[in-house]
Amino acid sequence: MKAAALIGIAAGCVALAASALTVQGQVRAAGERLKTGATLEKPKVAVANDAEAAYCTPAFKQVLARVIHACGLVGGDSRRGCQPADVKTLASINDEDFNALFHPLKERGAVIMFDDGQDKLDEEAKRIIADRWQDRKGARYFFIVARASKTGGADFNRTLSHKRANSVLFLISDQFKADDPNIDKEAGLLWLGSEFAQLGKEYCDWNVSRPGKCTPEAINRSAFISWVDCQL
Amino acid sequence: MSLSNSSKSQMPFWPALLALAASVLGLSFALSSTVDYTRHLDRQVHDLHCSFIPGLAGEAGQEGACRAAMYSPYSALFKDKYWGGIPIALPAVGAFAFFAAFALYLLLSRDKAPRRAHQFLFLTGLTPLLVSGVMFFISLTKLGQFCKTCVGIYSASVLLAIAAVFSLIFDMKRGRTALEQFRSPTKKDSASTLKAAGDLEKSENKTPEKAGEEEKEGSPKVAPTLPEGEVPATVVTKDAEPDYVPPRTGGPLLIPSWLIALAVFSFVPALLYVSAMPNYATYVNGCGKLEKPEDPKKSLLYITPAGAKQQATLVVDPLCPTCKAFHQRLVTEGIFDQLDTTVVLFPLDNECNWMLDRPLHPGACVVAKAMMCNERRPLDVLEWAYEKQDEIAETAKGSGGVAAVRNMIRGRFAGLDKCIDSNETKQRLDRVLRWTIANQLAVSTPQLFLDGTRLCEEDSDIGLSYSIYKLAPNLRRP
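Residues numbered from 1 in each chain as written. Chains lettered and ligands numbered in written order. Predicted model: local features only at pLDDT ≥ 70, side-chain atom pairs only at ≥ 80, totals over all residues. Heavy atoms only, no water.

### A few points about the environment of Y154 of chain B
Residue and element names in this part refer to chain B.
- Tracing the sequence through the fold places Y154 in helix 6 (residues 148-183).
- Residue class for Y154 comes out buried when judged on its relative accessible area of 12%.
- Spatially, the C-alpha atom of Y154 lies 8.8 Å from that of V131, the residues being 23 residues apart in sequence.
- Apart from residues lying up to four places away in sequence, Y154 is in contact with S132, M135, F136, S139 and F146. (Helix = DSSP H or I, 4+ residues; strand = E, 2+ residues; numbered from the N terminus. Buried < 20%, exposed > 50% of the residue type's maximum accessible area, 1.4 Å probe, protein only. Contact = heavy atoms within 4.5 Å.)

### Here we look at the interface of chain B and chain A
- At the interface, 52 residues of chain B touch 41 residues of chain A.
- Carbon and sulfur atoms supply 70% of the area that chain B and chain A bury against each other, a total of about 3,700 Å² over both sides.
- Taken together, the connections running from chain B to chain A amount to three salt bridges.
- There are 10 residue pairs in polar contact (both at pLDDT 80 or more) connecting chain B and chain A.
- Elements with a contribution of two residues or more to the side of chain B that touches chain A: helix 1 (14-39), helix 3 (89-109), helix 9 (254-276) and helix 16 (423-438) of chain B.
- With nine residues, the single largest contributor to the side of chain B that touches chain A is helix 3 of chain B. (Buried area = accessible area lost by both parts, 1.4 Å probe. Salt bridge = Lys/Arg side-chain N within 4 Å of Asp/Glu carboxyl O. Polar contact = N/O pair within 3.5 Å; in protein donor to acceptor, adjacent residues only side chain to side chain.)

### Some words on the layout of surface pockets
Residues and elements named next belong to chain B.
- Counted as a void, the largest pocket has a volume near 1,500 Å³.
- If you go around the largest pocket, you meet 50 residues; those closest to its centre are Y71, T322, R329, P446 and S460.
- Mapped onto the lining of the largest pocket, the elements with two or more residues apiece are helix 2 (64-71), helix 5 (127-143), helix 10 (321-332), helix 13 (389-397) and strand 6 (447-450).
- Taken together, the residues of the lining of the largest pocket break down into 25 nonpolar, 12 polar and 13 charged. (1 Å grid on protein atoms, 1.4 Å probe; cavity = no way out; pocket = protein on both sides within 12 Å on 5 of 7 lines; lining within 4 Å. Points joined across faces, edges and corners; volume = space filled by probe spheres on them. Nonpolar A, V, L, I, M, F, W, Y, C, P; charged D, E, K, R; others polar.)

### Describing the pairing of strand 4 (residues 222-228) of chain A
Residue and element names in this part refer to chain A.
- The element strand 4 is largely enclosed, with a buried count of seven among its seven residues.
- Because side chains alternate across strand 4, one face comprises the buried residues S222, F224, S226 and V228, and the other comprises A223, I225 and W227, equally buried.
- With four bridges joining them, strand 1 (residues 110-113) and strand 4 adopt antiparallel strand pairing. Across the sheet, the residue bridging to A110 is I225, located in strand 4.
- Pairing of strand 2 (residues 141-147) with strand 4 involves six bridges; the strand directions are antiparallel. Directly across from V145, in strand 4, lies its bridge partner F224. (Pairing = 2+ DSSP bridges.)

### Some points on a negative patch on the surface
- On the surface, E96, D97, E202 and D205 of chain A cluster together into a negatively charged patch.
- Relative to the helices and strands, D97 of chain A resides in helix 4 (residues 95-101). (Patch = residues over 30% accessible without salt bridge, like charges linked within 9 Å, V, L, I, M, F, W, Y side chains within 5 Å. Areas by Shrake-Rupley, 256 points an atom, 1.4 Å probe, with all protein chains shown as cover. Lys, Arg positive; Asp, Glu negative; His and termini not counted. Charge placed at Lys NZ, Arg CZ, Asp CG, Glu CD.)

### Quick notes on helix 16 of chain B
- Here helix 16 of chain B contains 16 residues, and its C-alpha end-to-end distance of 22 Å stays within 8% of the 22 Å for a straight helix at 1.5 Å per residue.
- By the burial criterion, the buried members of helix 16 of chain B are T425, Q427, R428, L429, D430, V432, L433, R434, W435, T436 and I437 of chain B.
- For helix 16 of chain B, the secondary structure elements touched by its buried residues are helix 5 (123-134) of chain A together with strand 3 (301-303), strand 4 (310-316), strand 5 (339-345), helix 11 (364-373) and helix 15 (417-421) of chain B.
- Q440 of chain B, located one to two residues past helix 16 of chain B, shows a positive phi value of around 55 degrees. (Expected span 1.5 Å × (residues − 1).)

So this is what it looks like as structure tokens:
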């Protein structure tokens, strides 16, 4: 009987010691892994970011990056503005290619049309601008690319183009500045004079503010607006 | 040893053997479960040995129930005090080790084991079954699933209880046999060897009523009786070879001593476990903060229960299973009702979330919009979505697609259609998603921030209680 008791006690102690030390060893090993960081490689998790659409080709992003830097949208405290001459240099591409860059934005954007020699927005233009602005989704930058037709002198057209771009920007600021204090850092303006390639009639198929009055000349008295779904 | 003497043995060997086998089995399962748990103390996710064979890795995809059990608040004790707590299987390791040793002792002692040993085994051998019964009930009612390792422990507990019961039955039987032997007239001569004759007289005097009853029944001569449960002690004369040796009762200190030993066996592993645990205090608040928590347009949702005392920001996708499990854990641990929660909807569905190139949870956008539209009680929609998550997911993947999910929402929350389709709701959801960009959040759900400090993903399962109470000491502990 004594032998049985001794065997039982010995077996119990061995079982207890083995189990407890095994567990304690595992705890220590886990602590060591925790301390040294010797753990399984964690999968990389993406960080929330702006949208990146398929049309964000390297060429498009290059133009975009140069424009937003030149326009003071990033890296500066105040808007510097984008002179048409700058854009020619910045884009480093010919006019036709420059226009083509915006083709993927056909559905996303809109063409705001103006009267001849005017920069005033009509009601439909205002509605479309508000609608497009609010359809932001994951975009970070909103582009306003204003134009003027070839009628008139280069300086006049350039000034008119600039005014048209500002008309759009001021409307957005008036309506949405309270909700979005960062408009200055989001909206990029380009005012293109008559020296830039004119838009063809096919642009009348886009979302234009005056679909019934779209002619090859009228489409160039305009401002193209769109959010751009590209990360930069 | 009794085993060599089995022909004369009063106690069959199988209850002790069964108790030994059950204890070894229980020890193996409990140890396997504990080791699995312990490996997670490095705050990483590891495979589990979720199998009916202790220590064997379970089949891929079959460890869900074990993981659910492990992540549940019932898997460990003192979870708010120690990171991960002390696994509930750890005291079982010590207890089963003790029962294995005790069963081995009984197996080797057989008839020579004192009767108190069998009484003790009965008394304590049922406790694992009681604990298993409680855990079984929790698995059934709270978790809705049974992990294989847990079932292994339940089975071992049942076997141990059977062994304990039969051990007592056979012991009582041999007690009765001893009594009969003592009472038997043919054996009376040999009773002259009894040392406890005086005790017998005493016991006779203690039971006059019984003696009287027997006389009434016409039994003029009766054998001396002993109180129930006691057997006469014997002293065998040197030259006599008794053909019957009555069992020994054992001293009164035996059971308390064994109870102390059982307690020591149960607590020692836990003490060693706690002594070896690393310090987690520096890890729990190292997972970032909200950079821009402001929400000037009130685009986010706000849930403030009556007892809310701690600001929290919860990033969720209503159709994400992990969010559901996390939410349930917060509710079960009594934490959710103490949180003044800002809900950031982050549907992992590219219908509205541009950060994904495909829908991980189709239909999540429309459910998120329904939450926004049911603004007074967004939690109702969220909890409904969690409850019906599988059904919604199946519906969204079916031929009806997201439109069918809309029908489900319509059926439960009428009158939200117009709001769900409105531009305002769409823009609001866009603003919520852009809020996540402003705060540089990971594209991942769920995420919990307490006063702007992120609860690490690594701390959102077994280390949840500890980490939450570290980040928010004001929270009331359950």
